[in-house]
Amino acid sequence: MRKTMLVISLVFAILAATPLAISRAFVNTTTTYETVYVKPGDTVWQIAANYATPKDDVREIMFEIRRINKLDSNARVYPGQILKVPVKN
């Protein structure tokens with residue numbers, strides 16, 4: 001469990017240091033939003049990965065989820081929390 005938390009913390013630290021000022025994942029596309037209810041053990045990364053296609057960058061989807069839902073750079077979510085997730089049409 002400690003190793004998992006360390007890895008997740010390192011991933012978030014790297015993502016926070018990565019310059020993703022403007023996400024290009026959803027530019028020039030029609031975007032709708034799906035409501036997702038966070039389950040125990042869910043992370044924003046896992047949720048983003050569930051909505052990514054092979055052409056998508058999961059980091060950009062994660063950035064959009066954080067931006068849309070006004071999550072801080074830690075992007076912590078809690079069971080029962082409701083998130084809006086962008087879905088390309």
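Described below are features of the structure shown in this document.

Scoring rules and cut-offs
- Residues numbered from 1 in each chain as written.
- Predicted model: local features only at pLDDT ≥ 70, side-chain atom pairs only at ≥ 80, totals over all residues.
- Heavy atoms only, no water.
- Helix = DSSP H or I, 4+ residues; strand = E, 2+ residues; numbered from the N terminus.
- Polar contact = N/O pair within 3.5 Å; in protein donor to acceptor, adjacent residues only side chain to side chain.
- Contact = heavy atoms within 4.5 Å.
- 1 Å grid on protein atoms, 1.4 Å probe; cavity = no way out; pocket = protein on both sides within 12 Å on 5 of 7 lines; lining within 4 Å.
- Points joined across faces, edges and corners; volume = space filled by probe spheres on them.
- Nonpolar A, V, L, I, M, F, W, Y, C, P; charged D, E, K, R; others polar.
- Phe/Tyr/Trp six-rings, centres within 6.5 Å; stacked < 30°, edge-to-face > 60°.
- Lys NZ or Arg CZ within 6 Å of the ring centre and 35° of its normal.
- Patch = residues over 30% accessible without salt bridge, like charges linked within 9 Å, V, L, I, M, F, W, Y side chains within 5 Å.
- Areas by Shrake-Rupley, 256 points an atom, 1.4 Å probe, with all protein chains shown as cover.
- Salt bridge = Lys/Arg side-chain N within 4 Å of Asp/Glu carboxyl O.
- Core = buried A, V, L, I, M, F, W, Y, C linked by side-chain atoms within 4.5 Å.
- Buried < 20%, exposed > 50% of the residue type's maximum accessible area, 1.4 Å probe, protein only.
- Axes fitted to C-alpha atoms, helices over the stretch in contact; angles between N-to-C directions.
- Left-handed = near helix turned anticlockwise from the far one by under 90°.

### Some remarks on the side chain of Asp-56
Argument step 1. Secondary-structure assignment places Asp-56 in the loop between α2 (44-51) and α3 (58-68).
Argument step 2. In terms of polar contacts, Asp-56 uses its side chain to reach the backbone amide nitrogen of Thr-53, at 2.9 Å.
Argument step 3. Not counting residues up to four positions away in its chain, the partners in contact with Asp-56 are Tyr-51, Ile-61 and Lys-88.

### What to know about the layout of surface pockets
Argument step 1. Looking at the largest pocket, its volume works out to about 420 Å³.
Argument step 2. What lines the largest pocket is a set of 21 residues, among which Met-5, Ile-8, Phe-12, Thr-43 and Arg-76 lie closest to the centre.
Argument step 3. The element that contributes the greatest number of residues to the lining of the largest pocket is helix α1 (residues 2-17), accounting for 6 residues.
Argument step 4. Its residues assigned to classes, the lining of the largest pocket comprises 12 nonpolar, 6 polar and 3 charged.

### Thoughts on the packing of aromatic side chains
Argument step 1. Under the counting rule described, the total for this entry stands at 0 aromatic pairs.
Argument step 2. Geometry around Tyr-33 places Lys-84 over its ring, the cationic atom sitting 4.8 Å from the centre.

### Details of a nonpolar patch on the surface
Argument step 1. On the surface, a cluster of nonpolar side chains totalling about 240 Å² of accessible area is made up of Val-7, Val-11 and Trp-45.
Argument step 2. Along the chain, Val-11 turns up in helix α1.

### Re the nonpolar core
Argument step 1. Grouped together as the largest cluster of nonpolar side chains are 15 residues, with contacts concentrated most on Val-44, Ile-47, Ala-48, Ile-65, Val-77 and Leu-83.
Argument step 2. Of all the elements in the fold, those that place two or more residues in this core are α2, α3 and β2 (82-88).
Argument step 3. Considering each element in turn, this core owes the most residues, 4 residues, to α3.
Argument step 4. The residues touching Val-77, leaving out its near neighbours within four places in the chain, are Val-38, Asp-42, Thr-43, Val-44, Leu-71 and Leu-83.

### A word on the packing of α2 against α3
Argument step 1. Between α2 and α3, the least distance of the axes is 8 Å, while the angle of their chain directions is 115°. In the packing of α2 onto α3, the handedness of the crossing is right-handed. Across from Val-44, Trp-45, Ile-47, Ala-48, Ala-49 and Tyr-51 in α2, the residues of α3 making contact are Val-58, Arg-59, Ile-61, Met-62, Ile-65 and Arg-66.
Argument step 2. For the contact of α2 with α3, the per-class residue count stands at 10 nonpolar, no polar and 2 charged.

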